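Each chain, letter by letter, is given below.
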Amino acid sequence: MSLLVVGLSHRSAPVSVLERAALSVDAQVKLLQDTVAAEPATEAAVLATCNRIELYADVDKFHAGVAELSTLLAQHSGVGLEELTPYLYVHYEDRAVHHQFSVACGLDSMVVGEGQVLGQIKDSLARAQELHTAGKLLNDLFQQSLRVGKRAHSETGIDRAGQSLVTFGLEQLAAGGDVKEWAGGRRALVIGAGSMSSLAAATLARAGVAEVVVANRTVERAERLAQILTEADDTTVTARAVRMDAVPDELTRADIVVSCTGATGLVLTAEAVAKAVEGRTGQPVADLGDGARTAVKAALPATGVGTEENCPLDLAAVQGATGFSVLGEAAVAGMDAATLEQHAAWVDNGTVDRREAARRSPEADAELITALAATAATVGRIPERRKPEPAAVIPRPAPAVFFLDLAMPRDIDAAVHRLAGVRLVDIESLAEASADAPMAADVDQVRRIVSDEVAAFGAAQRAAHITPTVVALRTMAADVVAGEIARLDGRLPDLDERQRGEIRQAVHRVVDKLLHAPTVRVKQLAAEPGGAGYADALRTLFDLDPETVAAVSRAEDSTDKKDRPA
C-alpha cells in the first residue's frame with residue numbers, strides 16, 4: 001500500500017485561502033483525470049467539503065507523488081503553488097488511513113462529531129468510481145471509512161461532542177438561545193438545493209418556521225426539495241420553490257436566510273442585503289464600519305483633570321471638549337515633577353512628601369515632563385492614574401434578518417457583518433466560535449476505535465498484498481502434481497482408475513500439508529507492520545514467475561469491480 005493524501009483544511013489554512021482554493025465539480029473531475037494520468041499515481045479520489053480539499057492517490061513514489069499532487073492541486077484550484085504550499089499537509093500510508101478514518105468520524109471537522117461528512121465521503125467515492133479513478137485501494141479505504149464513521153456514531157456519543165454545521169450555525173444565529181423558540185413562526189429563505197441546503201431546510205422546518213422558500217438555479221431541484229418538506233410527517237411547514245432571480249424580492253420578506261451553493265462568486269452582495277433590509281424596515285441601513293472610529297472618539301469621556309473638586313491642577317483653560325490635544329504639551333511644559341506627582345497622589349487619594357519630590361534633579365524633572373508632553377501630544381490628553389473608563393460600545397439595533405452562509409467559497413459578502421439590523425454567521429465566524437469547544441469524553445473512545453480500525457485495515461491490506469503470491473505458489477504446486485501424475489500414467493499404464501485416484505489424492509495431500517504451514521505463517525507475518533517483504537521472499541524462494549503473480553492480481557481486481565456496488 002502506498003496511499004498518499006495531500007490537502008488543506010480549516011485546521012491548516014485561513015478561510016480566505018480555502019475560499020479561493022475551492023473546487024467546482026468540473027474542476028474535481030479534471031483533477032481526478034489529470035492525477036491518474038500523471039506518472040506517480042494509479043488511483044485518485046478528491047474529498048472536497050466546505051472546509052477541506054483533499055486529494056487521495058495510490059502512488060509508487062513518495063516524493064514524486066507529493067510534488068505531483070501538490071502541483072495539480074495548485075493548478076486546478078487557481079492558487080499559486082508557492083502560496084498554497086505553506087498550508088498543505090501530507091499523510092502517507094498508515095497515517096493517511098488514520099486521517100481518513102478521523103475525518104469520517106467527525107474528529108477533524110470544524111464542529112467535532114458532525115455526521116454530514118459521511119455523505120460527502122460517499123459522494124467522493126461515487127464520483128471516483130464513475131470516472132474509474134478509484135481502484136482496489138481507494139475503494140477499500142473509502143468504503144471502510146464509511147463503516148468506521150457509522151460505527152463511531154452508533155457505538156459512542158460522538159454526536160453529543162458536536163453538532164452538524166447547520167445546527168451549530170443556527171445556534172450561533174440564535175445567540176445561544178433555543179433554536180426552536182428563536183425560529184418559531186419566522187419565514188426562511190434557503191438558497192441552494194444541495195445536500196447542505198437540504199439539511200438546513202429540513203432543520204428549519206423541524207424547528208418550527210412558518211415557511212421555507214427554496215431558491216435554486218435549477219428550479220426542478222428546488223421544487224423537489226419543497227415537495228419533500230411539505231410532505232414530511234414530522235413538520236407542518238409550508239414550502240415553495242422560486243427561481244434565483246426572485247431572491248431579491250424574497251429577501252424583503254425573509255427573517256432567516258441560509259445560503260450554500262456551488263457558485264464561485266458572491267450570491268448576495270452587501271448592497272443587495274442592505275436594500276432588502278431597508279425594504280423590510282423602511283429605514284436606511286447604516287454601515288457600522290464607516291464612521292465607527294468617529295463614534296468611538298465622540299463617546300470617549302473628557303479628562304477629569306482640572307474639573308474635579310480639590311484637584312491641584314487647574315488646566316480648564318486649555319481643556320477641549322473631548323480632552324487635551326496638542327495643547328496638552330503647552331499645558332504641562334512649565335510644570336515641575338513635584339506638582340505632577342501631587343496630582344497623581346490626589347487621583348489615588350493619597351499623599352506625597354513634596355520635600356522628597358523636591359530632591360529630584362532638574363534632569364529627572366525634565367525627563368518626566370518630556371515623557372508626559374509626548375504622551376499628551378500623541379493621544380490628545382494627559383494620562384491619569386485612575387481606574388479605566390468603561391469602553392464605549394457602538395449601539396447596534398436588534399437584527400431584523402439573520403443570514404447563515406455555509407458555502408465555500410462564501411455566498412454572502414463579508415461586508416454584511418457591518419450592516420446594522422443584520423446578523424451574519426459564516427464559515428469564518430463558525431470556526432472562531434468552535435475553536436475552544438470542549439471535547440467530550442466520547443471523543444477519546446472514538447479515537448481508540450480509529451486506532452483499532454487503522455491497525456486492522458493495514459493488516460488486511462498487507463495480507464491481501466501477499467495473497468496473489470500464495471495463490472501463484474499453490475497454482476505452481478498443482479501444475480507440478482498434474483505433471484507428475486501424467487508422467488506416472490505413462491510409466492504405469494496398467495493401473496486402474498481407483499489406483500490412479502488414490503495416488504493422485506496422496507500426492508495432493510503431501511503437497512497441501514507441506515505448503516499449509518508456510519503459507520498460513522507468511523500471511524500472518526505479512527499482516528504485521530514491515531511484512532511487505534515476505535511476498536518478495538516467497539517469490540524468490542520458489543522461483544515464481546512475476547507475470548503469474550500479476551495475472552492473479554489482475555483477476556482479483558476484475559472480480560472486485562464486478563462485485564462492487566453501483
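Structure report, in brief. (Residues numbered from 1 in each chain as written. Predicted model: local features only at pLDDT ≥ 70, side-chain atom pairs only at ≥ 80, totals over all residues. Heavy atoms only, no water.)

1. Concerning the sheet that holds strand E2 (residues 41-49)
Moving on, step 1. Taken in spatial order, the four strands of this open sheet run E2-E3-E1-E4, and their pairing is antiparallel. Of all strands in the sheet, those bounded by a partner on one side alone are E2 and strand E4 (89-92). Strand-to-strand twist in this sheet, taken as the mean axis angle between neighbours without regard to direction, amounts to 15°.
Moving on, step 2. When strand E1 (residues 3-9) meets strand E3 (residues 52-59), the two strands line up antiparallel, connected through seven bridges. Across the sheet, residue Val-6 finds its bridge partner in E3, namely Leu-55. (Pairing = 2+ DSSP bridges. Helix = DSSP H or I, 4+ residues; strand = E, 2+ residues; numbered from the N terminus. Axes fitted to C-alpha atoms, helices over the stretch in contact; angles between N-to-C directions.)

2. Description of helix H6 (residues 116-130)
Moving on, step 1. Compared with the 21 Å implied by 1.5 Å per residue over 15 residues, the 22 Å span of H6 between its first and last C-alpha is a close match.
Moving on, step 2. Taken residue by residue, H6 has Gln-116, Val-117, Leu-118, Gln-120, Ile-121, Ser-124, Leu-125, Ala-128 and Gln-129 as its buried positions.
Moving on, step 3. Among the structural elements, helix H2 (25-37), E2, helix H5 (94-105), helix H7 (136-155) and helix H11 (195-207) are those in contact with the buried residues of H6.
Moving on, step 4. Taken from the residues just after H6, His-132 is the one with a positive phi, measuring 60°. (Expected span 1.5 Å × (residues − 1). Buried < 20%, exposed > 50% of the residue type's maximum accessible area, 1.4 Å probe, protein only. Contact = heavy atoms within 4.5 Å.)

3. Overview of the sheet that holds strand E8 (residues 256-259)
Moving on, step 1. Read from one edge to the other, the open sheet built from six strands follows the order E7-E6-E5-E8-E9-E10, with strand pairing classed as parallel. Strands at the two margins of the open sheet, each flanked by one partner only, are strand E7 (238-243) and strand E10 (422-425). Sheet twist, expressed as the average angle between the axes of neighbouring strands with direction ignored, equals 15°.
Moving on, step 2. Those strands touched by helix H9 (residues 165-173) are strand E9 (401-405) and E10, and its axis lies near 150° from that of E9.
Moving on, step 3. Contacting strand E6 (211-216) and E7, helix H12 (residues 219-231) runs over the sheet at an angle of about 175° to E7.

4. Remarks on the pattern of salt bridges
Moving on, step 1. In the structure shown here, the tally under the stated rule is 18 salt bridges.
Moving on, step 2. Notably, a salt bridge pairs Arg-52 with Glu-54, separated by 3.1 Å at the nearest N-O pair. In this pair, the class of Arg-52 matches that of Glu-54, namely buried.
Moving on, step 3. One connected set of salt bridges, linked through shared partners, spans Arg-11, Arg-52, Glu-54 and Asp-108. (Salt bridge = Lys/Arg side-chain N within 4 Å of Asp/Glu carboxyl O.)

5. So, the packing of aromatic side chains
Moving on, step 1. In this structure the tally under the stated criterion is four aromatic pairs.
Moving on, step 2. Ring centres of Trp-182 and Phe-402 lie 5.2 Å apart, and the angle between their planes is 90°; this geometry places the pair in the edge-to-face category. Pair noted here: Trp-182 is in helix H10 (residues 179-183) and Phe-402 is in strand E9, with a separation of 220 residues, a long-range link.
Moving on, step 3. Relative accessible area serves as the criterion here: at 5%, Phe-402 is assigned to the buried category. (Phe/Tyr/Trp six-rings, centres within 6.5 Å; stacked < 30°, edge-to-face > 60°.)

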